[in-house]
Amino acid sequence: MAGIRTRQRWMMIGLIIIGIIFTAFFGMRAFRAFKKFDGHGHRPPPQGKVETDVELIRDWMTIPFIARTYQVSPEIIFEALNIPPQKDHDKSLKTINDEYFPDQDGFVVSAIKETILANQASLPPTAPQPPTAPAP
Amino acid sequence: MLGALGLPVGASAVLIAAGAFSQQGILSWPSTALIGLAGAILGDMFSFGMGHYAKDAMQRRFGKSPTWRNARISFQKQAGLAIFFTRWLITAIAIPTNLIAGGSGYKFTRFLIYDISGEIMWILLYGGLGYWFGSQWELVYDFISNFGGVLLGLVLFGFGIREVIKRQGKIKKS
């Protein structure tokens, strides 16, 4: 009986210690992940707004997704890469890179970034909004 | 389904990624959700079945132990909540919960109701987060899996403290 009680006591202490270790360890990891989070996903922006930061492009994205996000015609991107648009419509940039440019790691991503930047430079600059007068 | 059987396939990561891929049109969201839900429920049913068929052997081995009987009774009391929350919140202990549910003679239809509710929550929450946060789905998974670990730690800690309080009460009474 005393043996069982001692074993139970050790089990309780063990549970509490493991609980503290788990909470601290995973808590730190969760906090670190939360800090990396910039609060918004890279979804296509709402109607009227255009994403301009090409550094947000990742190799898991597809060309139609990038075209929609950066308001660039997908044909321009396919043309820049010199690949058929119908066949590679749903492929990720990584798959396209592995298929067409296996010896040039990251080529597709950097080529698309350049194409979008060139496209942005060719567009007329938008006029700055005039400051609104403060209400009396 | 493989994840629910205990194989380390990272089912939650796949689901979050599926949400992100549906957002950009690679996958169809309704069919992905339905296939994911069906697979998860099937896997849970398998692991419940494994527990169910091991029930007799476990009963023979531990049946006389009062600790085993107490554990069975207290599981039966809290089983619904345990099944529901381990589907989507503390996923690390989902498979042991299925095995214990099957092994402790928990009613299959009841298990299925809580299981389906929990899995729908899992699909909507994890898939929805992947869909909403798009390219940040890896960070979302990193955060969620670690957050699950925090909750598991808190549950273990809370359980330990509860047992200490119970023990103190018994000592005072005697």
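Up top is the structure these notes are about.
Below you will find a few notes about this structure. Nothing here was measured: the structure is a model prediction, and the numbers come from that model.

Within chain A one finds five helices and zero strands. The helix and strand sequence of chain A, counted from the amino end, reads α-α-α-α-α. Expressed as a percentage of its 136 residues, the buried residues of chain A come to 29%. Sequence-distant contacts, at least 24 apart, represent 50% of the contacts inside chain A between residues at least 6 apart. When the accessible surface of chain A is split by element, carbon and sulfur atoms take 62% of a total near 9,500 Å².

Moving on: the side chain of B:Ser22. Along the polypeptide, B:Ser22 turns up in helix α1 (residues 11-23). Within the structure, the side chain of B:Ser22 is placed 2.5 Å from the backbone oxygen of B:Ala18, a separation counted as a polar contact.

The next thing to look at is the pattern of salt bridges. Counted by the stated rule, this structure contains seven salt bridges over all chains. With a shortest N-O distance of 3.0 Å, A:Glu99 and A:Lys91 are connected by a salt bridge. Residue B:Glu163 pairs with B:Lys166 through a salt bridge whose shortest N-O separation is 3.8 Å. With B:Glu163 and B:Lys166 both in helix α7 (residues 137-173) and three residues apart, this pair spans about one turn of that helix. A relative accessible area of 23% places B:Glu163 in the partly exposed class. By relative accessible area, which is 45% here, B:Lys166 ends up partly exposed. Taken together, the shared-partner salt bridges in this structure form one network comprising B:Asp44, B:Arg87 and B:Asp115.

Conventions we followed
- Residues numbered from 1 in each chain as written.
- Chains lettered and ligands numbered in written order.
- Predicted model: local features only at pLDDT ≥ 70, side-chain atom pairs only at ≥ 80, totals over all residues.
- Heavy atoms only, no water.
- Helix = DSSP H or I, 4+ residues; strand = E, 2+ residues; numbered from the N terminus.
- Buried < 20%, exposed > 50% of the residue type's maximum accessible area, 1.4 Å probe, protein only.
- Contact = heavy atoms within 4.5 Å.
- Areas by Shrake-Rupley, 256 points an atom, 1.4 Å probe, with all protein chains shown as cover.
- Polar contact = N/O pair within 3.5 Å; in protein donor to acceptor, adjacent residues only side chain to side chain.
- Salt bridge = Lys/Arg side-chain N within 4 Å of Asp/Glu carboxyl O.

All we've got here are geometric facts, nothing functional implied.
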